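Examining the three-dimensional arrangement
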Amino acid sequence: MGRNTTPMKQIINNYVVRLEKVAGMLSPQEREAILYFLKDLDETTSLLSHIGVVDPLEVLLIHFLRKLGRGYFKPI
Amino acid sequence: MNEEFWLLDVCSGSEGLLLKLYSENSKTFLEKVLKVPFYGYLISSDPERVVYELRDSRLIDSAWVEDWLIPPHYRSSVKVVVFRTYELSRLRYVLKVGVSKGLKHVNDFPNPVVEALFNAGLVPMTKVEVSGGDVKPLRWDPTYSDPELDIVRIYVEGGLYVAEANGSVGRFNNVKDLAKYVVSTKYDVGITDSELYVRLLEEEPTIASSARIWFTGGAFRAGEYFEWCRRSYIPPSLMGNVTIGKVITTMEGLEARKRKYVIDGSTRRVEYFRDMTNLILQDRGGVIYSPKPGLYWNVCQVDFRSLYPNIIVRFNISGETVDVPECGKVVKLEWAPHTVCMDWEGVVPVSIAELVRLKTLYEELYKSTGLEVYEVRRAAVKWVLVASFGYLGYRNSLFGSVMAHEVVTSTSRYLMGVARRAVESMGYRVIHALVDSLFVEGVATVDECCRVAGVISNTTGFDTKVESHYIWLYIPNTVKGSRGVANRYYGKLSSGGMKLKGITCVRSDTPPIIREAQMRALEELAIANTEAEMVEAVLRAHEVLRRYRRKLMCGDFEDYELLITKSYGGGRRSYVKPPKYVLEGKPPYTLYAGVGGLTQYSGQSLKNRVDVYYYLRLLDRVASELPPPTYT
């Protein structure tokens, strides 16, 4: 359409890279939790491609809620 | 006496149209002049006076005033001066003088020759009846065959120039030999792309006369060009630089002419003001998942049949029907921020409805007869349908608009969501979705796959088909990283054979040796039908690649195996600095990887001149597209 913006998947990927860097500075337990959270993030991104995403953080939030809903997260 | 001829080509002559006819019975060619009217259209603030002056000038046959509807929505009308002449040169002269006097020339598209053929009902590449001085069109049925002609098709493949003629294939290392081969025979039709045609002309100027008709829009099959000529009334002589987009626009232009819709290239359908959120959410394409890389078993791929064209036809989507300010019957789509007016049929849906019908008909004919001509025509129609959607959002599209484009994409995303939920409610898992295609895991048989397709059709209301059923499907990782790529996958079909998409061996710029290596490796994978067999097959496939690696390291290859064929769309004048081989060579680029990068191949031996590591890196890429050797 002649309007160039960075693809949403690329922006989300940039956030993932940042989160991975942060994870590298944390304790093994916390690192594991963050890396576990990032697992299968592409699935949520794909799901949201049906309705669109305005804010890339929205994808991370929804992914977090999905994992929370599945009972994946336990107190550290 | 009446005789049947094929209408092969049409040119404009001084006394009318020059028809180039071909008799299949006597194998003879005939040229005939046909007197047909050409029409000119001018808009003036005083149309009656213009008509008076035109009649007075005696340059034209007749002139009158008509009411025509004007863009963007074709709801209000304007007085248009229409004049008729039987000479194309006079038509052009009168229009030129009219414009110089401040009149507005409208309906300058399609070409007057195309419009004249349309008015006369003469369709290129169909049969006509000639009796005396009269030429009558004969009814064309899509089941009829194409004319039997001597055709040469010229293209570049695997670093070699290829000339395909009457079942024989000639391969040449250089353009000189190719040109010599082509001029040695006289053909009826020559097909190639414009770059190669220019190279051939440079080498051998008589090449132009070695075929009666040249199609230089790309090395498509003859039947595809013939079908485009028939659908759009564009004769081969005007097909030279015509794009697929021009074919669909011509069809739309002729439909507009029937309805007395003014075609005015200067009118644009302006997009309303939108906030950033709306823009990001709506100005998008179809659904494209990021699939999880890996090996999947029993995968069913269900495709919607001509999804975008069917959406356009079903919802009456056209530039002039979307977001119409004054409309009686408005449809508000819950998934799109636009409205569609149903008061009248849009130009785009009417133009492509027939193509949708033809595509299905050709599919059925090919299935029942196995004749290649129907497959070729199906491909031709499919190209036009693909372009019909693309042109809807193109800024210079005559009957498109950004809003219409968005309605189509948002509808497709909505339908894919409905389809996904329907599949999941059956207990299956969708592993990938690609615009109009769903990949469903855990579907054991083709019959089960048909049931899935049936459920999707019933739920969405749009026709689907089982595109493929895979015993296994592999989605490779990205070259850098561990994510999946939407359009790169391959798998073993339960019907036999393999389907390959986007991987190295299907790319046109892959050197033959690398293509061969990957094909051999995939042949090993294709043996596997179970997970246990796959473990063995993966090891064998990697061993195949190791063999090719050794072959490259030892210099055990022929020169042609290393050649890379590349095209460069930007050309020398691109705003991006072109690669070295573009500046040094001429298209089509036949290259090899030398120590100084990609270098034009001159025919000299490549021993000790190639950068073997470049080819080894390509083999690494091939290896990364296979399941890892550690696969269990």
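The structure presented is a predicted model; accordingly, all values stated were derived computationally and were not measured. Residue positions are counted from 1 within each chain, in the order its sequence is given. To label them, take the chains in the order written and letter them from A, then take the ligands in the order written and number them from 1. Residue-level local features of this predicted model are given only where pLDDT is at least 70; pairs of side-chain atoms are given and counted only at 80 or more, and the full residue set underlies all totals for whole chains, interfaces and linings.

1. Things to note about the sheet that holds strand β9 (residues 134-137) of chain B
Residues and elements named next belong to chain B. Pairing between strands is defined by DSSP: at least two bridges between them are needed. A run of H or I in DSSP counts as a helix once it spans at least four residues, and a run of E counts as a strand once it spans at least two, with each numbered from the N terminus. Overall, antiparallel pairing links the 5 strands, which are arranged β3-β2-β1-β8-β9 in an open sheet. On the outer flanks of this sheet lie β3 (28-34) and β9, each paired with one strand and no other. Put simply, the sheet's adjacent strands are angled 40° from each other on average, direction ignored. Bridge count between strand β1 (residues 3-13) and strand β8 (residues 127-131): 4 bridges; the pairing is antiparallel. In the strand pairing of β8, Glu3 is matched with Val130. Angular values range over 0 to 180 degrees, each being the angle between N-to-C directions of two axes fitted as lines to C-alpha atoms, with helices fitted over their stretch in contact.

2. Overview of the nonpolar core
Residue and element names in this part refer to chain B. Counting 177 residues, the largest nonpolar core has Ile317 and Val440 as the members making the most contacts within it. Here this core gets 10 residues from one element, more than from any other, and that element is helix α12 (residues 372-392). The residues touching Ile317, leaving out its near neighbours within four places in the chain, are Ile311, Ile312, Val322, Val340, Gly346, Val348, Pro349, Ala404, Val407 and Val408. Defined on buried residues, the nonpolar core groups Ala, Val, Leu, Ile, Met, Phe, Trp, Tyr and Cys residues joined through C-beta atoms within 7 Å. Here the C-beta atoms are placed from the backbone, and a residue counts as buried if at least 20 other C-beta atoms lie within 10 Å of its own, exposed if 12 or fewer do, and partly exposed otherwise. Any residue pair is listed as a contact if its two C-beta atoms, each placed from the backbone, are within 7 Å.

3. Focus: the sheet that holds strand β22 (residues 498-501) of chain B
Residues and elements named next belong to chain B. One open sheet accounts for 6 strands, arranged β18-β19-β15-β20-β21-β22; its pairing is antiparallel. The open sheet has two edge strands with one neighbour each: β18 (429-434) and β22. Pairs of neighbouring strands in the sheet enclose a mean axial angle of 30°, with direction left out of account. Against the sheet, helix α13 (residues 402-425) makes contact with β18 and β19 (437-441), and its axis sits at roughly 160° relative to β18, the strand it touches most.

4. Here we look at the pairing of β18(B)
Residue and element names in this part refer to chain B. In terms of strand pairing, β18 meets β19 through 5 bridges, oriented antiparallel. Residue pairing in the sheet places Arg429 in a bridge with Glu441 of β19. Hairpin connection of β18 to β19: 2 residues between the antiparallel strands, including Val435 at a positive phi of 60°.

5. Quick word on the domain arrangement of chain B
Residues and elements named next belong to chain B. Domain start and stop positions are those given by an automatic or database domain assignment. Each assigned domain of chain B is listed here: domain 1 (3-34 + 127-137), domain 2 (38-120), domain 3 (151-258), domain 4 (276-501) and domain 5 (505-624). Computed over C-alpha atoms, the centres of domain 2 and domain 3 are 34 Å apart. By the convention adopted, Pro, Cys, Tyr, Trp, Phe, Met, Ile, Leu, Val and Ala count as nonpolar, Lys, Arg, Asp and Glu as charged, and the other residues, Gly among them, as polar. Per-class residue counts for the side of domain 2 that touches domain 3 are 6 nonpolar, 1 polar and 1 charged.

6. Thoughts on unusual backbone geometry
Residue and element names in this part refer to chain B. With omega at 10°, the peptide bond leading from Pro71 into Pro72 counts as cis. With respect to the secondary-structure elements, Pro72 resides in the loop between β5 (62-69) and β6 (77-85). Positive phi outside glycine occurs at Tyr74, with the angle close to 55°. By secondary structure assignment, the location of Tyr74 is in the loop between β5 and β6. Backbone geometry at Ser306 places phi at a positive 40°, although glycine is not the residue there. What makes Ser306 buried here is the crowd of 24 C-beta atoms within 10 Å.

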